[in-house]
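What the coordinates show
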Amino acid sequence: MNLGQLRISRRTVTIAVAFVGLVSLAIGAHAALNKRSLDAAKAIGSEQTGSIGTSASRVALVIGNGHYPDASAPLSQPINDARGLTAALRAKGFDVDVVEDATKDDMARAIVRLKAKIQPDTVAMLFFGGYGVQVGRESFMIPVDAAIWKEADVRRDGVSIEQVLDAMTEKGAKAKLVVVDASRRNPYERRFRSYSHGLAPISTPENALILTSATPGKVADDGKGQYSVLVTELLNNLSSQSGAASAFNKTRISVSRASDGEQVPQVSSSLLEDVRIGG
């Protein structure tokens, strides 16, 4: 082999090595790009199907009203419901403010306390058990000291559920959970010239989940148990690790089955992400 041939062979080897290196570099860059694309897709999918975890602060206002002077007998279940739900929520990490047999002033002060606890990352929850009355298209929680003789008195002495939701929204709550067990035949309706049974549909603001004990315009009879049928089933479903939306929907189904379809709770949701209840 002469010197010219040797130089050509060396040049050929050098070019080949450089080409292989370029190909390897291109393959590596393509693989890295694909990995980044896959990771991004996974992140997007996780965001779309994710949930608000238990690291978010969680606060609750629980109200159980049972002793109404205008009622023929006290309601025993709302106070039991409030105590049972309070214990369950505290076990899940909620900061719970519980009020029993609340007057209008008691409820107003409790709502102020709730608002003071809400931060932009907060999951805020409201529970009310007792008598509820709808006037027009609005539903009101009734304090034990309400003096109601006509529908206008409901607006004066009652506490609007929608207004509490508005307060949560104004404070920037990350998610809002509401449970209203107040679709009872109230002792005031016989005083009204015209009245509507049950509660009105509750307007659902953004990122809220609402569970009511019966569909709008329907009343539910109290059972014989320690807790109402709604709270009994809700406590059972809160014990699981499922999210709030799943727990509320399972409660709706189980109450309907337990009552043979006589009582069908309503669930309204505008949640962008589900809320984890289980700790």
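Residues numbered from 1 in each chain as written. Predicted model: local features only at pLDDT ≥ 70, side-chain atom pairs only at ≥ 80, totals over all residues. Heavy atoms only, no water.

So, the overall build of the protein
- Scanning the protein for helices and strands turns up 7 helices and 11 strands.
- A burial count over the protein gives 44% of its 279 residues as buried.
- Intrachain contacts of the protein at a sequence separation of at least 6 include 74% that bridge at least 24 residues.
- Here the protein displays about 14,200 Å² of accessible surface, and carbon together with sulfur accounts for 54% of that area. (Helix = DSSP H or I, 4+ residues; strand = E, 2+ residues; numbered from the N terminus. Buried < 20%, exposed > 50% of the residue type's maximum accessible area, 1.4 Å probe, protein only. Contact = heavy atoms within 4.5 Å. Areas by Shrake-Rupley, 256 points an atom, 1.4 Å probe, with all protein chains shown as cover.)

What to know about the sheet that holds strand 9 (residues 208–212)
- Spatially, 6 strands are ordered 3-2-4-8-9-10 in an open sheet, and the strand pairing comes out mixed. Two strands lie at the open edges of the sheet, namely strand 3 (95–100) and strand 10 (266–269), each paired on one side alone. Neighbouring strand axes in the sheet, compared pairwise and without regard to direction, differ in orientation by 10° on average.
- As defined by bridge partners, strand 2 (residues 58–64) adjoins strand 4 (residues 123–129) across 7 bridges and the pair is classed as parallel. The partner of Leu61 across the bridge, within strand 4, is Leu126.
- Docked against the sheet, helix 5 (residues 161–170) engages strand 4, strand 8 (175–181) and strand 9, running at close to 165° with respect to strand 8. (Pairing = 2+ DSSP bridges. Axes fitted to C-alpha atoms, helices over the stretch in contact; angles between N-to-C directions.)

A look at the confidence of the model for the protein
- Summary statistics for the protein give a mean pLDDT of 83 and a share of 78% for residues scoring 70 or more.
- Considering each helix and strand of the protein separately, the mean pLDDT is smallest for helix 1 (residues 3–49), with a value of 43, and largest for strand 3, with 98. (pLDDT = per-residue confidence, 0-100.)

A few points about the sheet that holds strand 7 (residues 159–160)
- In space, the 3 strands of this open sheet follow the order 5-6-7, with antiparallel pairing throughout. Because the sheet does not close on itself, it has two edges, and the strands there are strand 5 (132–135) and strand 7.
- Here 4 bridges tie strand 5 to strand 6 (residues 138–141), and the two strands are oriented antiparallel to one another. Within the sheet, the bridge partner assigned to Gln134 lies in strand 6 and is Ser139.

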